[in-house]
Amino acid sequence: MFSEEDNEIADSLAVKEEDNNDSLTTLYITTLDEDTLKAGDSISPTYIITSNDSLPKGDSIVNIGQGAINDSVNGVAPVKKDSISTTQKSVIDSEIERSCNDSTIQDFKSNKIFYYGDAKVKYEDITIEADYIEFDFDKHTVFASGLPDSSGTIAGKPVFTEGSQKYLSDEMTFNFDTKKGIINKVFTEDAQGYIHGTKVKKMDDNSINIRSGSFTTCSNQEHPHFEFRFQKARVIPNDKIVTGPAYFVLEETPIPVGVPFSLIPNSKGQRSGIIFPSFGESANRGFYFENGGYYWGINEHMDLELVGDIYTRGSWAIKPTFRYVKRYAYNGSFSGSYAVNKVGTEGSADFTVSKDFKIRWIHTQDPKARPKSSFSANVYIVSSDYNQYNAISSNEYLSNTFQSSIAYQTSFADLFYLTVNGSHSQNTLNNTMTITLPEVTLSMNRIYPFKNLGKPGKKHWYQDINLSYTFNAQNYITGIDSMIFKGNWVNNLQNGIQHRIPINIPLKVMKHFTLTTSFNAVDRMYFNYFEREWVNDSLGGHVETDTVHAFRNVFSFDMSTSLTTKIYGMVTFKKGPLRAIRHVFTPQIGFSYNPDFSSDFWNYYDTYIDGNGVEQLYSLFQGNVYGTPPSAQSGRLTYSFGNNLEIKVPSKKDTVTGLKKVVLIDNLSLSGSYDLAKDSVNWSYLSISGRTTLFKKLSVQYSCILDPYAVDSLGRQTNKFEWDVNKRLFRKNSSSWNLSVSYTLNNDTFKKKKNNEKKTDTIPDSPFASEQEMKDIRENPDSYIDWKTAWSLSLSYNLRLSNSLSYINFILNDNRSLVQTLGVRGDVKLSPNWKVSVQTGWDFEAKKLSYTSLTVYRDLHCWEMRFNWIPMGTYKSWNFAINVKASALQDLKLTKKKDYRDN
């Protein structure tokens, strides 16, 4: 029989019923008399704990003695169960949870417990999983290892997890009191790298000491493609890895490259440190170090990167970048660059020096931060020659126009909207720049002042009368970029204020016609005006302009009315390839009036006598921000006729009607006017315009100007009709055709799409990329690799044919202009790891290829290789790079290039 002490131990191991876990059954404890066992089979009491529902109460724990479990002991079979879980308090501060899927053996003599099959031990934030776990209650230690499967392969190797840190090993021992452990043949991921170790000692401060190990960013656990091997190292979590002497191993082959010690950052998030430069030689600027500097992680909301370039022939550049972010509020970046470029040998004829700069600021506000107001910025300012020497992408190579905008927007009472912004635009081809600062716009939503007048339930015509208000004030300056703020630049500022109030009266006439009458009042406020006079000189004379700085208020008004309707025509066919023709005709007639603001009453115009003694009329406000009121009275009868033509044809894709709509003409319109206020030449030009889209991709636009009046020998319009002179209604003045097509083919083009799938040529948003990162991807697609597409081909073609007709001595001169552009971009995935991209085009005027580039990319798992070649043109160059993907070892790379600046 068991002793009293054994029974107390058995009672202490009894597990209460856990109703909240269906996988656990009620466990009970009984004992069997030792006399029932065979002689010699019982050495000391041992318990097998099972969870067999088929056994009656009291038969779930069996005492068989310390020894092998076999079928001969009272007919009790070897224990194989689905789940077991026990919890026990010890001298350890927290509760230890233990479970397994096979069996559990308790040894009372050595005070140990053994778990088999998917065993798991959990203590605070520490979890150990393995096929075999041995728990020692006296030493407060746990030992874990794998077990051989049916083929003899060790399976269920230990996995040690503490917080977010996970260690894979062959076997391990851990002490719950000291929180120290020994782990043999360990593999663990740390920040952006992986650590291998033959023997690892885990310390109580979570640091680990490694003997005979390696560090790599390759995720291949058994055979990493590269690694830095060392004999000893210490890993400080979320800080750094410090090693002794280390050497480089590539594809398990040692490379004779080593360091006496290494310091590898392994903290997540920001890490301040040195940015190592790339180096090489430039034919025109000498040997160089590029993009070397320092990164400073200021805090979780901001960081600063300061890098620069230096060349042995005197060129240098500094390029700071400051980034900031506040979650759910805003994010942005500010970057700049100042470069001194010295090209050639000093003292030679081809030696040049340029000083260039770039300013870039992007700020984006989260829409949820302030729903009724927003602040945004997109600033891009460069000097005219900056991209010639400092461009870093093909988009920058080819760009010559740049715009900036800084804007604040808010609303008041859901009625008024205020926008305050500054803007900038420049053209680096002609070096012109325009800066607007500030521009203020206050607009009022359309209101209906008489909406609530009249009897309820009955609508009156005056209830639809509406008006709105817009206030705009701006100040800008235009000039050559290098001279815009030099000299007496304040006198070149253009500014003004404008108030505009439109009043609309829409009416329904005879149910099918819409009559709209509009009144517009405009008030312009200027702070200067211009007086002109003729000055005779040795060349015959010229007009001299004098700027008078004084406030002037310029008021004007006009009115207009129009009557329009839509007339629908439909012809249907029961059989044949054409089932319906639909024509929509939109006629509109109107009248507009404005008075003569050049009369003395308004005092907006003045005159001067030119060198021929002819009096010339001019506006005092010509050249100001908002222009000037018209100089002649006008009362025009206007007309326009719009047309839309569509057909319906059979379609198997439409399972509802079996028909498909095809648009033949989007719009074909004719328009003109007759001025009642003129004493002659009352008819205006007849304008014809049309547009349509063919094959869903080919856009066609046409416009034409026809003149009803004849011209004299100098090509000037007369008051004689073309019919009276040449027996034709109109004389062609000018015309233009515009054709554009953009088409993208890829491996999904010819696949059948589901009904809810839509084709798109744009790059979709990614949940793993920020808004700015997605914008950078869309603006620089050649810098990124799309592995989802096996192949793609994009074609874009634009054609503009225009002609302007003039008559000299009644002889027709047809001045034609033809502008064509063709662009091709394609890529193909040669294999799962190879991709080739090509971009090119054809310059029809120069009759040669335009900007052309070839990119070859190879995915090398933890490495990548890229080769870029621009074979011709101003930016002729090539660049080869092979580097580690992980940013932790971003300086482990090999680059070779021939720079376009060496051409």
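Preceding block: the structure.
Right, let's walk through the structure included here. Remember, it's a predicted structure, so these values are computed and weren't measured experimentally.

Parameters and conventions
- Residues numbered from 1 in each chain as written.
- Predicted model: local features only at pLDDT ≥ 70, side-chain atom pairs only at ≥ 80, totals over all residues.
- Heavy atoms only, no water.
- Helix = DSSP H or I, 4+ residues; strand = E, 2+ residues; numbered from the N terminus.
- Buried < 20%, exposed > 50% of the residue type's maximum accessible area, 1.4 Å probe, protein only.
- Contact = heavy atoms within 4.5 Å.
- Areas by Shrake-Rupley, 256 points an atom, 1.4 Å probe, with all protein chains shown as cover.
- Phe/Tyr/Trp six-rings, centres within 6.5 Å; stacked < 30°, edge-to-face > 60°.
- Lys NZ or Arg CZ within 6 Å of the ring centre and 35° of its normal.
- Core = buried A, V, L, I, M, F, W, Y, C linked by side-chain atoms within 4.5 Å.
- Pairing = 2+ DSSP bridges.
- Patch = residues over 30% accessible without salt bridge, like charges linked within 9 Å, V, L, I, M, F, W, Y side chains within 5 Å.
- Salt bridge = Lys/Arg side-chain N within 4 Å of Asp/Glu carboxyl O.
- Lys, Arg positive; Asp, Glu negative; His and termini not counted.
- Charge placed at Lys NZ, Arg CZ, Asp CG, Glu CD.
- 1 Å grid on protein atoms, 1.4 Å probe; cavity = no way out; pocket = protein on both sides within 12 Å on 5 of 7 lines; lining within 4 Å.
- Points joined across faces, edges and corners; volume = space filled by probe spheres on them.
- Nonpolar A, V, L, I, M, F, W, Y, C, P; charged D, E, K, R; others polar.
- Polar contact = N/O pair within 3.5 Å; in protein donor to acceptor, adjacent residues only side chain to side chain.

## Structural notes on the overall build of the chain
- Counting secondary structure elements, the chain contains five helices and 57 strands.
- For the chain, the residues scored as buried account for 36% of the 903 residues in total.
- Expressed as a percentage of contacts within the chain between residues at least 6 apart in sequence, the contacts between residues at least 24 apart total 48%.
- Just so you have it, the chain exposes about 53,300 Å², and 55% of that area is on carbon and sulfur atoms.

## Some thoughts on the side chain of Q498
- Structurally, Q498 can be placed in strand β34 (residues 494-509).
- Apart from the residues lying within four places of it in its own chain, the contact partners of Q498 are T470, F471, N472, V522, D523, R524 and Y626.

## Quick word on the packing of aromatic side chains
- Using the criterion set out here, one finds 39 aromatic pairs in the structure.
- Ring geometry for Y604 versus F621: centroids 6.1 Å apart, planes at 75 degrees, classification edge-to-face. Highlighted residues: Y604 in the loop between β40 (580-594) and β41 (605-609) and F621 in the loop between β42 (615-619) and β43 (634-650), separated in sequence by 17 residues.
- Given a relative accessible area of 5%, Y604 falls into the buried group.
- Judged by relative accessible area, which is 0%, F621 ranks as buried.
- Among the aromatic residues, those joined into a cluster by ring pairs are Y526, Y529, F555, F557, F597, F601, W602, Y604, F621 and Y626.
- The residue whose ring lies beneath R98 is F135, and the NZ or CZ to ring-centre distance is 5.5 Å.

## Focus on the nonpolar core
- Counting residues in hydrophobic clusters, the biggest one holds 41 residues, and the most contacted among them are I128, I133, F135, F174, F176, I210 and F226.
- Excluding anything up to four places from it in sequence, I210 contacts I195, H196, G197, K199, V200, F230, Q231, K232, A233 and V235.
- In terms of nonpolar packing, the next biggest core, distinct from the first, is built from 14 residues, Y476, V554, Y618 and L620 among them.

## Quick word on the pairing of strand β14 (residues 180-190)
- As defined by bridge partners, strand β12 (residues 165-168) adjoins β14 across two bridges and the pair is classed as antiparallel. Each bridged residue has a counterpart across the sheet, and for L168 the counterpart in β14 is F187.
- Both strand β13 (residues 171-175) and β14 contribute to a ladder of five bridges, which runs antiparallel. The residue of β14 that forms the bridge with N175 is K180.
- Between the antiparallel neighbours β13 and β14 lie four residues, among them K179 with a positive phi of about 60 degrees.
- Where β14 and strand β15 (residues 193-202) come together, nine bridges link them in antiparallel fashion. Following the sheet pairing, F187 is matched in β15 by H196.

## Some points on the environment of V340
- By secondary structure assignment, the location of V340 is in strand β27 (residues 330-343).
- Spatially, the C-alpha atoms of V340 and Y389 are 9.7 Å apart, while their sequence positions differ by 49 residues.

## Some words on a negative patch on the surface
- Residues E531, E533, E544, D546, D600, D606 and E615 make up a contiguous surface patch of negative charge.
- Elements that contribute at least two residues to the negative patch include exactly β36 (529-535) and β37 (542-548).
- Tracing the sequence through the fold places D546 in strand β37.
- Note on D546: relative accessible area 45%, which makes it partly exposed.

## Points about the environment of R901
- Counting through the fold element by element, R901 comes out in the segment after β57 (893-898).
- Assessed through its relative accessible area of 14%, R901 is described here as buried.
- Separated by 510 residues in the primary sequence, R901 and A391 have C-alpha atoms spaced 10.0 Å apart.
- With sequence-adjacent residues up to four places away left out, R901 is seen in contact with N284, R285, E290, Y311, Q388, Y389 and N390.

## What to know about the pattern of salt bridges
- By the definition in use, this model includes 21 salt bridges.
- A salt bridge links E134 to K112, with the shortest nitrogen-to-oxygen separation between them at 3.2 Å. Placement of the pair is E134 in strand β7 (residues 126-136) and K112 in strand β6 (residues 112-123), with a sequence separation of 22 residues.
- A salt bridge links R636 to D675; the nearest nitrogen and oxygen atoms lie 3.8 Å apart. Of this pair, R636 sits in strand β43 while D675 is found in strand β44 (residues 659-675), placing the two residues 39 residues apart along the sequence.

## Notes on empty space enclosed by the protein
- Inspection of every chain in the model, using the stated rule, returns three cavities of 30 Å³ or more.
- Considered as a void within the structure, the second largest cavity measures approximately 50 Å³ in volume.
- In terms of lining residues, the second largest cavity is bounded by E281, S282, R285, Y288, E290, Y311, K897, D899, R901 and D902.
- Counted by class, the lining of the second largest cavity contains two nonpolar, one polar and seven charged residues.

## Some remarks on the side chain of N495
- When you line up the elements, N495 lands in strand β34.
- Looking at N495, its side chain comes within polar contact range of the side chain of N475, at 3.1 Å.
- Among residues more than four places away in sequence, those in contact with N495 are Q474, N475, Y526, F527 and V625.

## Considerations on unusual backbone geometry
- Between L437 and P438 the backbone carries a cis peptide bond, its omega angle lying at -5 degrees.
- Structurally, the position occupied by P438 is in strand β32 (residues 432-447).
- In this structure, M510 takes a positive phi of about 50 degrees despite not being glycine.
- Checked against the element boundaries, M510 lands in the loop between β34 and β35 (513-526).
- Notably, K727 is not glycine yet its phi reads approximately 60 degrees, a positive angle.
- Along the chain, K727 turns up in the loop between α4 (722-726) and β49 (731-746).
- Here K727 falls in the exposed class, since its relative accessible area comes to 56%.

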